Amino acid sequence: MGLKTYIVEDNATIRDNLMATLEELAGIDAVGTAETENEGKAWLLQAGHAWDLAIVDLFLKQGSGLGVLEACRNRQPHQKVIVLSNYATVDIRKRCAQLGVDAVFDKSNEIDALIEYCIAQSGSISAGHALK
């Protein structure tokens, strides 16, 4: 079983390609997607939805990824939230760190690092299941 991953991304092409790439190369299990801040917050905060990783874009059809990040501040310790954005500037990275984000990746040149991060998280989740 892969890393249960929820993706908040409003561009369907990017979202579909990201899911396919991460499922193939990093072994994630995509459990859902959202295109807006409200959809993302509602799903991630709903009791009963099991997820290990949320990948959030900052610019959405409605609202902002920053609102999604804020909503996830009180997540479980094993749940990781990362940002994947074309606007991974120093200021954005700083703001994301203030919101408790685990990592920030630039869409244009850090996809390999994102894949490596997902593989590492999959390994730690698998190890955690093996200990139980």
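Anything mentioned here points back to the structure above.
What you are looking at is a predicted structure, and each value in this text was computed from that prediction instead of being measured.

What counts, and where the lines are drawn
Residues numbered from 1 in each chain as written. Predicted model: local features only at pLDDT ≥ 70, side-chain atom pairs only at ≥ 80, totals over all residues. Heavy atoms only, no water. Helix = DSSP H or I, 4+ residues; strand = E, 2+ residues; numbered from the N terminus. Expected span 1.5 Å × (residues − 1). Buried < 20%, exposed > 50% of the residue type's maximum accessible area, 1.4 Å probe, protein only. Arc of directions from axis to C-beta. Polar contact = N/O pair within 3.5 Å; in protein donor to acceptor, adjacent residues only side chain to side chain. Salt bridge = Lys/Arg side-chain N within 4 Å of Asp/Glu carboxyl O.

Undergrad: An account of helix H1 (residues 12-25) is needed here, citing residue identities and associated values.
TA: Relative to the 20 Å expected for 14 residues at 1.5 Å per residue, H1 spans 20 Å between its end C-alpha atoms, a close match to the ideal helical length. All buried positions along H1 are accounted for by Arg15, Leu18, Met19 and Leu22. Seen from one end, H1 has its buried residues packed into an arc of 100°, which puts them on one side. H1 presents Thr13 and Glu24 as exposed residues on the side facing more than 90 degrees away from its buried surface. The residue sitting at the N-terminus of H1 and contributing the capping side-chain oxygen is Asn11; that oxygen lies 3.0 Å from the backbone nitrogen of Thr13.

Undergrad: Talk me through the pattern of salt bridges; I want residue IDs and the actual numbers.
TA: Any two side chains of opposite charge can pair, so long as their charged atoms come close to each other. Here the structure, examined in full by the defined rule, presents eight salt bridges. Note that Glu35 is salt-bridged to Arg15, the shortest N-O span being 3.4 Å. Note that Glu35 is positioned in the loop between strand E2 (28-34) and helix H2 (37-45) and Arg15 in helix H1, a separation of 20 residues in sequence. With its nearest N and O atoms 3.7 Å apart, the salt bridge here joins Arg73 to Glu70. The partly exposed category is assigned to Glu70, whose relative accessible area is 40%. Residues participating in the shared-partner salt-bridge network are Glu9, Asp57 and Lys107.

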